[in-house]
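Analysis of the macromolecular model
The lines below spell out each chain.
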Amino acid sequence: MKNSDKAIGVAKRTKSFLNPGINPGVIIKILLKNWYYFILGIVLALVGARFYITHTMPVYRVYTSVLIYEEENNTGADNDELLNGLGLAGGMRNLENQIKIITSRELTERAVRGLGFEIEYYYKTVRNQIPLYPDIPIEIKYSGKNPLPQNVELGVHYIGNDEFRLYSEAQGLNLKAKFGETIRLPEGDIIIIANNRDWFIKNQEIDLNFIVHSVERLVKYFNSRLSVDMLTRSGSIIEISMNGVNAQQDVDFLNELTAVFQDLSLEKKNMEANRRIDFIDNQLVEIRDSLVITENRLTQFRSAHRVMDLSVQGQAIISQVTNLENEKARLSLEANYYDYLADYLLKDVTGELPMVPISMGIEDPALTTLVTELASLQEQLGGAGAGEKNPLQNLLSQRMRAKKEELMETLSGLRRANSLASNENNDRLARVNSQASALPVTERQMLGIERKFKLNDDIYTFLLQKLSELQMQKASNRPDNEVVDPASELYSQMVAPNPPMIYFMAIFLGGAIPMLYFYFVFAFNNRFRKEDIDQLGDIPVVGNIPHIKGNSFIDIFENPESVIAESYRLVRSRLQFVTDEKKNPVILVTSAMPGDGKTLTAINLAAVYSMLGKKTVLVGFDLRNPKFARAFELTKESGVSTYLIGENTVDDIIQETFHKNLSVISSGPIPPNPSELAASPATAKLMEELKSRFDFIIIDSAPIGLISDTHHLTAHVDSVLMVVRVNKTLKDMMMLAINETMESNERMSLLINDVDLKLKRYGYGKKYGYTNETKKGNKK
């Protein structure tokens with residue numbers, strides 16, 4: 001029970017050792033040991049960063065700022081409300097809509113077409129394409145549509161004497177021509193003119209390349225790089241910027257874009273003004289004809305009847321009639337506007353804003369407010385441009401429907417009031433006409449003609465006044481935006497590559513990559529490492545054996561002062577504490593895996609014990625794979641296996657060596673049942689026989705982690721020495737071997753084999769004495 005508890009405790013300790021997590025101390029030791037990898041990594045990263053910086057095209061940021069007018073005051077008109085009611089100062093005031101318009105493909109296309117960026121000229125280096133805009137050394141001329149293929153790279157190779165070769169691998173084109181000479185192509189003729197012949201002479205080894213881009217490709221290229229930001233949260237100044245390798249080209253594009261943006265705003269205002277001016281012009285044509293006719297009739301009547309003016313009564317009547325007729329005209333105009341507005345509300349019109357009442361001389365504040373709000377919603381809905389599934393689009397549509405319903409109710413009431421007012425006006429006009437019937441016939445006829453003339457004259461004068469106001473407003477129209485800072489190459493900013501950031505990232509990655517490499521090597525390495533020695537806990541480690549080349553067994557006897565000999569002497573001294581200085585101790589040497597060095601350890605351990613003058617026997621109990629018999633040139637005909645089956649006695653199997661005090665018992669012939677033989681009572685009897693004859697018994701057994709032979713031996717020995725080889729023994733196999741060993745014998749210790757002692761600190765030289773790496777002399 002005690003042994004079982006001990007084994008459980010050791011199993012827990014070994015498990016925690018084999019899976020300790022990330023030990024910062026171990027990681028730091030590994031990193032410090034391999035410091036030169038970090039230096040090398042940082043140097044290589046810095047060289048790569050320098051290469052990247054010097055061979056990467058710089059990217060520049062150019063920008064322009066635009067002020068968006070939120071409100072516009074028209075100080076040049078007497079009636080601001082009238083002019084605003086015409087809609088000439090409205091449109092595109094919503095800041096988000098303005099940003100949407102600026103980034104629209106249509107505006108970008110207008111700017112691109114105005115600049116002539118259709119052909120892109122450049123030359124190639126190892127990694128980059130160097131643009132030639134704006135100093136383009138050639139010019140391509142053609143009539144009509146460009147006959148060159150679109151989106152295909154073409155090249156001009158200068159031969160000399162104004163001769164060049166025009167080629168395209170994609171199109172299979174290869175023509176020889178001269179500058180200024182007509183080149184016939186399948187789609188038409190072109191002429192290539194040299195604007196700068198010196199460029200070709202200085203760069204004869206460089207070919208000039210160009211591509212004829214389609215408008216769609218250019219629009220996508222420039223539009224994708226556009227960025228619009230608000231400079232302040234509460235203000236209405238926006239910044240339009242873009243990043244690119246050709247700062248001057250981007251400057252020209254931004255300036256053209258803002259110019260087109262202003263033209264678009266002004267174009268919309270003028271279009272609305274022209275629509276209203278055309279309407280009034282049509283009305284003036286009709287009224288002008290009526291006015292001329294009535295004026296001629298009045299003149300003819302006065303001439304025929306020799307009547308110049310009406311009587312006092314007649315003048316009073318015509319004054320009343322004129323006022324009533326003007327009111328009738330006003331009511332008729334209101335009725336016509338109400339009919340227009342009713343038809344507009346019934347239609348689903350999205351591209352046309354409604355005319356507000358004040359533009360027709362109708363001064364109704366409630367109606368004007370409703371129509372203005374509807375026009376604003378209509379404009380926002382047209383500028384949203386985000387599809388039916390956009391929540392903002394749906395919200396605007398709902399608000400428009402509600403506003404139209406509210407406007408229809410108001411309009412219904414106004415039409416009833418207009419109808420009542422018209423009826424009353426007709427009644428009053430009929431009463432005045434009845435008074436006119438009492439006048440003389442001549443005066444009564446003249447009264448009717450003059451009444452029509454004055455009515456037409458008043459309407460004509462009113463329309464002329466409106467036309468003049470509209471023309472004044474059109475002349476004073478200005479865009480809804482203003483360029484605050486035009487784009488300029490002088491104020492461009494290089495945004496890439498960023499040398500400080502790149503060098504910082506190079507240093508970081510140059511150190512991080514080796515660190516990650518060693519971390520993953522450490523984390524996922526299942527083999528026992530030298531750094532794991534410090535984590536063995538309570539398991540005793542009796543020694544560290546350095547890396548051995550050749551036959552170290554002979555080396556111990558021939559060079560007793562060598563590093564190997566001193567290492568095993570240290571193991572011998574420490575084993576005394578493990579065996580509690582028992583008389584005639586039996587030490588079992590095993591390992592978790594083959595190749596860990598257990599046989600060589602058993603031989604060398606037996607050798608150092610024999611060098612004490614103690615009778616030592618080395619027993620080969622690896623019945624499956626006997627090895628050390630070859631080292632001593634012993635016979636294999638008899639040994640442990642023949643003793644266990646009863647064929648030989650102890651005296652028959654003990655073989656003397658050429659070294660004093662060292663005897664050997666080989667494994668003998670390989671038996672068919674080695675595990676059963678190791679478990680037989682003969683094994684215990686053999687141990688007792690050997691204890692009575694030798695001072696130290698060293699047993700070389702099979703690896704305990706693979707087969708069961710060694711398990712039967714652990715109960716008959718005083719101590720188990722397990723050999724662990726650095727960078728060879730698997731941790732899980734080692735844990736299994738330790739746990740299984742502790743179940744039967746708790747006196748277990750570890751021997752770390754194949755340790756690299758080439759450290760930059762004081763250590764052992766070839767002979768016993770302290771030495772360092774740079775000076776190999778002994779110190780006394």
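A short tour of the structure in this document, coming up. Please read all numbers here as calculations on a predicted model, not as lab measurements.

On to the overall build of the protein, then. Summing up its helical and strand segments, the protein has 23 helices and 24 strands in all. Residues classed as buried in the protein amount to 45% of the 780 residues present.

So, about the sheet that holds strand S22 (residues 748–755). Think of a sheet as strands paired side by side through backbone hydrogen bonds, with each pair either parallel or antiparallel. Strand order in the open sheet made by the eight strands is S15-S22-S21-S16-S20-S17-S19-S18, with mixed pairing throughout. Looking at the sheet topology across the chains shown, the edges are occupied by strand S15 (541–546) and strand S18 (655–656). Bridge analysis of strand S17 (residues 616–621) against strand S19 (residues 662–665) gives four bridges, and the strand direction is parallel. Each bridged residue has a counterpart across the sheet, and for Thr616 the counterpart in S19 is Leu662. Against the sheet, helix H22 (residues 681–693) engages strand S16 (586–591), S17, S19 and strand S20 (696–701), with an angle of about 165° to S17.

The full count for this structure, using the stated rule, is 18 aromatic pairs. Taking the centre distance of 5.9 Å and the plane angle of 80° together, the rings of Trp35 and Tyr36 count as edge-to-face. A relative accessible area of 41% means that Tyr36 is categorised as partly exposed. Between Tyr37 and Phe518, the ring centres sit 5.5 Å apart and the planes meet at 65°, which makes this aromatic pair edge-to-face. Of the two residues, Tyr37 is situated in helix H3 (residues 35–54) and Phe518 in helix H14 (residues 499–524); the sequence distance between them amounts to 481 residues. Aromatic ring contacts, followed pair by pair, group Trp35, Tyr36, Tyr37, Phe38, Tyr517 and Phe518 into a single cluster. If you follow Arg478 out to its NZ or CZ, it ends over the ring of Tyr69, 4.4 Å from the centre.

Following the criterion strictly, the structure yields 20 salt bridges and no others. Across the pair Lys403 and Glu373 runs a salt bridge whose closest N-O atoms are separated by 2.5 Å. On the criterion of sequence distance, the pair formed by Lys403 in helix H12 (residues 391–436) and Glu373 in helix H11 (residues 365–384) is long-range, its members being 30 residues apart. Taking the relative accessible area as the measure of exposure, Lys403 reaches 15% and is therefore buried.

Here we take up the pairing of S19. Alternating positions in S19 separate into two faces, Leu662 and Val664 on one and Ser663 and Ile665 on the other, with burial throughout. Here S18 hands over to S19 after five residues, with Asn661 in that stretch at a positive phi of 70°.

For the rest of this paragraph, the subject is H3. The end-to-end C-alpha separation of H3 is 29 Å, in line with the 28 Å expected for 20 residues at 1.5 Å each. Among the residues of H3, those classed as buried are Phe38, Gly41, Ala45, Ala49 and Ile53. Here the buried residues of H3 occupy an arc of 100° about the axis, which is enough to place them on one side. Exposed positions of H3 whose direction lies more than 90 degrees from the buried face are Leu44 and Val47.

Look at helix H6 (residues 105–115) against helix H8 (residues 215–224): their axes get within 9 Å of each other, and the N-to-C directions meet at 110°. Of the possible angle classes, the one that applies to H6 and H8 is roughly perpendicular. For H6 against H8, the interelement crossing comes out right-handed. Facing H6, whose interface residues are Arg105, Thr108, Glu109, Val112 and Arg113, H8 presents Val215, Leu218, Val219, Phe222 and Asn223. Here the residues of the contact of H6 with H8 are counted per class, giving five nonpolar, two polar and three charged.

Position of Asn604 relative to the elements: it lies in helix H17 (residues 598–610). By relative accessible area, which is 0% here, Asn604 ends up buried. Side chain to side chain, Asn604 and Tyr568 meet in a polar contact 3.5 Å long.

Parameters at a glance
- In every chain, residue numbers begin from 1 and rise along the written sequence.
- The predicted origin of the model limits local features to residues at a pLDDT of at least 70 and limits the giving and counting of side-chain atom pairs to 80 or more, whereas totals for whole chains, interfaces and linings rest on all residues.
- Note that the side-chain values use all heavy atoms of the structure and ignore hydrogens as well as water.
- Numbering of helices and strands starts at the N terminus; helices are DSSP runs of H or I of at least 4 residues and strands are runs of E of at least 2.
- For every residue, the accessible area (1.4 Å probe, protein chains only) is compared with the maximum for its type, and the residue is labelled buried under 20%, exposed over 50%, or partly exposed between those bounds.
- A pair of strands counts as paired when DSSP detects no fewer than two bridges linking them.
- We call two residues in contact when some of their heavy atoms are within 4.5 Å.
- In this analysis, axes come from line fits to C-alpha atoms, helices being fitted only over the stretch in contact, and the angle between any two N-to-C directions falls in the range 0 to 180 degrees.
- A pair of aromatic rings is counted whenever rings of Phe, Tyr or Trp (Trp by its six-membered ring) have centres within 6.5 Å, and the orientation is called stacked for planes under 30 degrees apart, edge-to-face for over 60 and tilted otherwise.
- Distance and angle both matter: a charge sits over a ring if NZ of Lys or CZ of Arg is within 6 Å of the ring centre and within 35 degrees of the ring normal.
- Criterion for a salt bridge: a side-chain nitrogen of Lys or Arg within 4 Å of a carboxyl oxygen of Asp or Glu.
- How far a helix is expected to stretch is found by multiplying one less than its residue total by 1.5 Å.
- Throughout, the arc means that of the directions going from the helix axis to the C-beta atoms.
- Any angle between 65 and 115 degrees counts as roughly perpendicular, while under 35 counts as roughly parallel, over 145 as roughly antiparallel, and the rest as oblique.
- The sense of a crossing depends on the near helix, which, turned anticlockwise from the far helix by less than a right angle, makes the crossing left-handed and, turned clockwise, makes it right-handed.
- The nonpolar class holds Ala, Val, Leu, Ile, Met, Phe, Trp, Tyr, Cys and Pro. Asp, Glu, Lys and Arg form the charged class, and all remaining residues, Gly among them, are polar.
- Whenever two N or O atoms come within 3.5 Å, that pair is a polar contact, provided that in protein one can donate a hydrogen and the other can accept it, and provided that, for residues adjacent in sequence, both atoms are side-chain atoms.

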